[in-house]
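Notes for the structure review
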Amino acid sequence: MRPQDIVDYLDVGRTPPTPVSQAWIAAAFCPPELRTEAQKVVLAESDALTDALMKADLVVIGAPMYNFGLPAPLKAWIDNVVRVGVTFGFDRARSDVPYWPMLPTGKRLIILTARGDYGYGPDGRLAHMNLVEAGLKIPLAYIGLYESEVVAVEYDEFSDDRLAASISEAEMSVDALVDQLAMAEYPAT
Ligand SMILES: Cc1cc2nc3c(=O)[nH]c(=O)nc-3n(C[C@H](O)[C@H](O)[C@H](O)COP(=O)(O)O)c2cc1C
């Protein structure tokens, strides 16, 4: 970490974002100037989460694999930050693609993930079942966070030498990433 860096830490395990609801969707898709006070309250948590994401230059997400995908609180975070009119635009009148990303450009995403089994990496035997990386990268790229890197630990459920090797390899990848990021120029926020 550089002296000028500010870390905003969110533990979705301890403070899980509220899953989106019918009321949330109605409020999010209501034009802001027409929202009722009650709808503003419904969106307040999402406002805070999207605001934090807007400000971040670097987004680091720690994600265990649960049943091939994201733990529910992390999915709830994704659903709260993929916000129409805030992090993505939508206009049915556009003839080609009606959606566009609204996050400021230049942000980077780092996914630190762990799984019990092995072979979920690119070209691995279970690559097609890795819904964690797709579940993060696809919606976040949709709102404008295109650049991403993944560091994964595998073999957690085997607790043998392969787990130890996987942890060492991941630690080396993290060290290399930190060195690279420490030199990076970030856009002014
Ligand atoms: C509820 C649950 C579901 C899991 N599902 C999978 C899975 O689908 N595939 C897998 O390889 N490991 C699975 N695991 C193992 C975890 O991904 C693995 O233990 C990981 O290291 C947990 O990360 P954590 O120690 O940060 O919680 C599961 C573990 C739990 C508790």
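Refer to the preceding data block for the structure.
These figures come from a predicted structure and were not determined experimentally.

For the rest of this paragraph, the subject is unusual backbone geometry. Of note in this structure, Phe68 is not a glycine but carries a positive phi near 75°. Locating Phe68 in the fold gives a position in the loop between β1 (58–64) and α3 (72–81). Judged by relative accessible area, which is 35%, Phe68 ranks as partly exposed. The backbone of Tyr155 shows a phi angle near 70°, a positive value even though the residue is not glycine.

To continue, consider the packing of aromatic side chains. Applying the stated rule across the entire model yields six aromatic pairs. On the basis of an interplanar angle of 20° and a centroid distance of 5.2 Å, the ring pair of Phe90 and Tyr99 is categorised as stacked. The exposure class of Tyr99 is partly exposed, given its relative accessible area of 39%. One aromatic cluster is present, built from ring pairs that chain together Phe88, Phe90, Tyr99 and Tyr142. Across the ring face of Phe158, the terminal group of Arg162 is positioned such that the distance to the ring centre comes to 4.7 Å.

For the coordinates displayed, the defined rule picks out eleven salt bridges. Here Glu37 and Lys40 are joined by a salt bridge, their closest N and O atoms 3.2 Å apart. Residue Glu37 and its partner Lys40 are both found in helix α2 (residues 37–55); the two are separated by three residues, about one turn of the helix. Overall, Glu37 belongs to the exposed group, its relative accessible area being 58%. Judged by relative accessible area, Lys40 falls into the partly exposed class, the value being 39%. A salt bridge links Arg108 to Glu147; the nearest nitrogen and oxygen atoms lie 3.8 Å apart. With Arg108 in strand β4 (residues 108–114) and Glu147 in strand β5 (residues 147–153), this pair connects stretches of sequence that are 39 residues apart. Given the relative accessible area of 11%, Arg108 is considered buried. Relative accessible area serves as the criterion here: at 46%, Glu147 is assigned to the partly exposed category. Put simply, Arg108, Glu147 and Glu149 are held in one network by salt bridges that share partners.

Taken together, Pro64, Met65, Tyr66, Asn67, Phe68, Ala114, Arg115, Gly116, Asp117, Tyr120, Asp156 and Glu157 make up the full set of residues near the ligand. Contact between the ligand and Glu157: a nitrogen atom at 3.5 Å from a side-chain N or O atom of the residue. When grouped by side-chain class, the residues that make up the shell around the ligand number six nonpolar, two polar and four charged.

A word on the side chain of Ser166. For Ser166, the location among the structural elements is in helix α5 (residues 161–182). From its side chain, Ser166 meets the backbone nitrogen of Glu154 in a polar contact 2.9 Å long. With residues up to four places along the chain from it excluded, the contact list for Ser166 reads Ala152, Val153, Glu154 and Tyr155.

Attention now moves to the environment of Met102. Note that Met102 resides in the loop between β3 (99–101) and β4. You can call Met102 partly exposed: its relative accessible area is 32%. Remark: the alpha-carbon pair of Met102 and Gly85, spanning 17 residues in sequence, is separated by 8.0 Å. Setting aside residues up to four positions removed in sequence, Met102 forms contacts with Met54, Gly85, Val86, Thr87, Phe88, Gly89 and Ile143.

The rules behind the values
Residues numbered from 1 in each chain as written. Predicted model: local features only at pLDDT ≥ 70, side-chain atom pairs only at ≥ 80, totals over all residues. Heavy atoms only, no water. Helix = DSSP H or I, 4+ residues; strand = E, 2+ residues; numbered from the N terminus. Buried < 20%, exposed > 50% of the residue type's maximum accessible area, 1.4 Å probe, protein only. Phe/Tyr/Trp six-rings, centres within 6.5 Å; stacked < 30°, edge-to-face > 60°. Lys NZ or Arg CZ within 6 Å of the ring centre and 35° of its normal. Salt bridge = Lys/Arg side-chain N within 4 Å of Asp/Glu carboxyl O. Near = heavy atom within 4 Å. Polar contact = N/O pair within 3.5 Å; in protein donor to acceptor, adjacent residues only side chain to side chain. Nonpolar A, V, L, I, M, F, W, Y, C, P; charged D, E, K, R; others polar. Contact = heavy atoms within 4.5 Å.

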